[in-house]
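Summary of structural features
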Amino acid sequence: MTGCCVIGLQWGDEAKGKLVDLLSPYYDVVVRFQGGANAGHTVVDGNQVYKLHLLPSGILHENVVNVIAPGVVINPATLIGEINSLKDRGVPVLKRLRISERSHLVMPWHIIEDRITNSKSVNGESIGTTNRGIGPCYRDKVGRVNAVRASDLLVLEGQDRVYEVAHEKRQFLSLIGATQSELLSVSDSSIASLLESWRNQLSSVIGDTTEFLLDSCERNLNLLFEGAQGALLDIDHGTFPFVTSSNSSGVGVSSGSGVPGRWINQIIGVCKAYSTRVGGGPFPTELTCDTGSRIREIGKEFGTTTGRPRRCGWFDAVAARYSARISGATHLSLMMMDVLSYFDELKICVAYDLDGKIVKQMPSNAVELRKCKPVYELFEGWKENVENTRRECDLPRRAKEYIGRIEELVGVPVGIVSVGPDRRQTIFTSNSPSLPKNKPTSV
Ligand code: IMP
């Protein structure tokens with residue numbers, strides 16, 4: 001049995017969706033274990049582009065069960081929209097999907113709370129959330145009394161409780177400045193019609209995914225865990241407070257899915273060949289000059305979920321090494337190598353200058369991290385189009401040197417190199433992760 005995780009090692013948007021889609025046919029089950037519709041995973045198949053926010057990226061493959069596990073926060077309206085739009089394109093989503101009854105629901109009041117609190121700043125800077133209600137929903141999960149879970153859709157007692165929560169939320173929202181139309185959107189009648197529609201459309205696939213996943217492990221099936229966001233946005237281990245509200249590094253896999261570490265033997269850490277970040281927070285290698293804009297234009301670095309321009313910068317090996325270590329990465333997958341083909345000179349950050357002292361570890365404190373100036377190593381660009389390269393040996397020499405240095409600095413071998421958005425634009429190196437060969441035909 002193989003349990004393999006795909007984890008972002010930067011601040012999200014590392015093109016994990018492409019990788020999960022590519023690896024899915026080798027696995028029986030694909031599992032989303034944290035985050036919610038703040039994620040935006042793009043899957044390209046020939047001239048078809050699929051943008052997924054909540055559905056696991058294995059959903060396009062027959063014979064793959066896709067699980068939304070307890071650690072995910074689900075906005076049912078977004079999920080239903082995604083299911084219907086894939087159905088219209090011929091994908092039988094409900095046949096392939098299971099939703100944990102333990103997962104929590106993002107309710108309309110969470111999105112209103114996110115909108116209102118998003119304007120607040122921490123240390124003079126706003127977190128710049130995706131406004132998808134993620135933080136408020138996780139806050140209610142931890143607080144328990146106002147939480148709503150998928151299982152509440154299945155029983156009358158659960159629904160009655162939702163009205164009690166709605167009553168309390170309306171009082172709270174008027175206090176924090178919600179508009180009249182926002183308050184109307186959480187009236188009892190609005191909530192009643194939402195609950196009915198969600199129950200009708202989702203209840204057939206809500207169940208105990210934890211039992212299902214544990215049984216799958218014991219039956220020697222192969223599981224692929226799909227991380228959302230990236231390790232540097234992890235609530236406990238990221239660049240707090242400029243983080244998301246879940247454990248988005250490798251440490252979140254077991255808590256979010258219910259599958260203990262003993263079943264997981266490969267962790268693929270995904271990074272771009274450069275760095276990006278959306279929203280606020282320190283970003284030592286950020287380029288606010290023309291080079292940053294060129295990376296953004298060539299890499300089409302605009303958010304899948306919010307359309308916001310992403311901040312762009314050079315590869316930060318200090319940050320990537322930290323993320324790889326806390327995530328337990330066994331392999332690296334280096335994405336968007338094709339984007340760097342257009343630059344005369346490339347840089348990799350190998351240390352930080354913090355108040356005149358050279359440090360090789362990421363400070364845990366956002367105030368200190370903001371003061372860090374990158375210490376760079378310079379590389380000549382390869383200036384050759386690599387979009388059609390399919391074998392490691394055919395990569396330009398300078399591209400191989402660039403990859404080799406990243407391996408050394410991060411301390412993990414590069415097993416996969418991506419040279420374009422399509423599934424075929426992928427190079428499996430001599431260090432590639434092992435893929436399960438004997439895939440059973442049915443689960
Ligand atoms: P939230 O997850 O919407 O609360 O946003 C918290 C921070 O995480 C903000 O800086 C967002 O821009 C960032 N973030 C959340 N999800 C993603 C993602 O999927 N990719 C990149 N950044 C994200």
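Higher on the page you've got the structure.
In this report, the structure presented in the accompanying data block is examined. None of these values were measured; they are calculated from a predicted model.

Details of the site of the ligand
Every one of the 15 residues lining the ligand counts as a neighbour, but Asp13, Asn38, Thr130, Thr244 and Arg308 are closest to it. Asn38 has a polar side-chain atom sitting 2.9 Å from an oxygen atom of the ligand. Thr130 has a polar side-chain atom sitting 2.5 Å from an oxygen atom of the ligand. When the free accessible area of the ligand is taken as 470 Å², the share hidden by the protein chains comes to 96%. Classifying every residue of the shell around the ligand gives six nonpolar, seven polar and two charged.

Section: the layout of surface pockets
Empty space within the second largest pocket amounts to approximately 180 Å³. Along the wall of the second largest pocket there are 13 residues; nearest its centre are Tyr138, Lys141, Ser246, Asn247 and Ser255. Put simply, the parts of the chain that give the lining of the second largest pocket at least two residues each are helix H5 (134-143) and helix H10 (252-257). When its residues are assigned to classes, the lining of the second largest pocket shows four nonpolar, eight polar and one charged.

Concerning helix H14 (residues 397-410)
Think of an α-helix as turning once every 3.6 residues; residues three or four places apart then point the same way. With 14 residues, H14 extends 20 Å from end C-alpha to end C-alpha; this agrees with the ideal 20 Å at 1.5 Å per step. Along H14, the residues classified as buried are Ala399, Tyr402, Ile403, Ile406, Leu409 and Val410. Seen from one end, H14 has its buried residues packed into an arc of 130 degrees, which puts them on one side. Opposite the packed face of H14, turned more than 90 degrees from it, sit the exposed residues Arg397 and Glu408. Here the buried face of H14 lies against strand E16 (315-316), helix H12 (317-327), strand E17 (331-335), strand E18 (345-354), strand E20 (373-380) and strand E21 (414-418). Remark: Gly411 follows H14 within two positions and exhibits a positive phi of approximately 85 degrees.

Focus on the environment of Leu153
Among the structural elements, Leu153 can be located in the loop between H5 and helix H6 (156-176). Between the C-alpha atom of Leu153 and that of Ser100, which follows or precedes it by 53 residues, the distance is 12 Å. Setting aside residues up to four positions removed in sequence, Leu153 forms contacts with Leu105, Gln159, Leu195, Trp198, Arg199 and Ile206.

The rules behind each value
- Residues numbered from 1 in each chain as written.
- Predicted model: local features only at pLDDT ≥ 70, side-chain atom pairs only at ≥ 80, totals over all residues.
- Heavy atoms only, no water.
- Near = heavy atom within 4 Å.
- Polar contact = N/O pair within 3.5 Å; in protein donor to acceptor, adjacent residues only side chain to side chain.
- Areas by Shrake-Rupley, 256 points an atom, 1.4 Å probe, with all protein chains shown as cover.
- Nonpolar A, V, L, I, M, F, W, Y, C, P; charged D, E, K, R; others polar.
- 1 Å grid on protein atoms, 1.4 Å probe; cavity = no way out; pocket = protein on both sides within 12 Å on 5 of 7 lines; lining within 4 Å.
- Points joined across faces, edges and corners; volume = space filled by probe spheres on them.
- Helix = DSSP H or I, 4+ residues; strand = E, 2+ residues; numbered from the N terminus.
- Expected span 1.5 Å × (residues − 1).
- Buried < 20%, exposed > 50% of the residue type's maximum accessible area, 1.4 Å probe, protein only.
- Arc of directions from axis to C-beta.
- Contact = heavy atoms within 4.5 Å.

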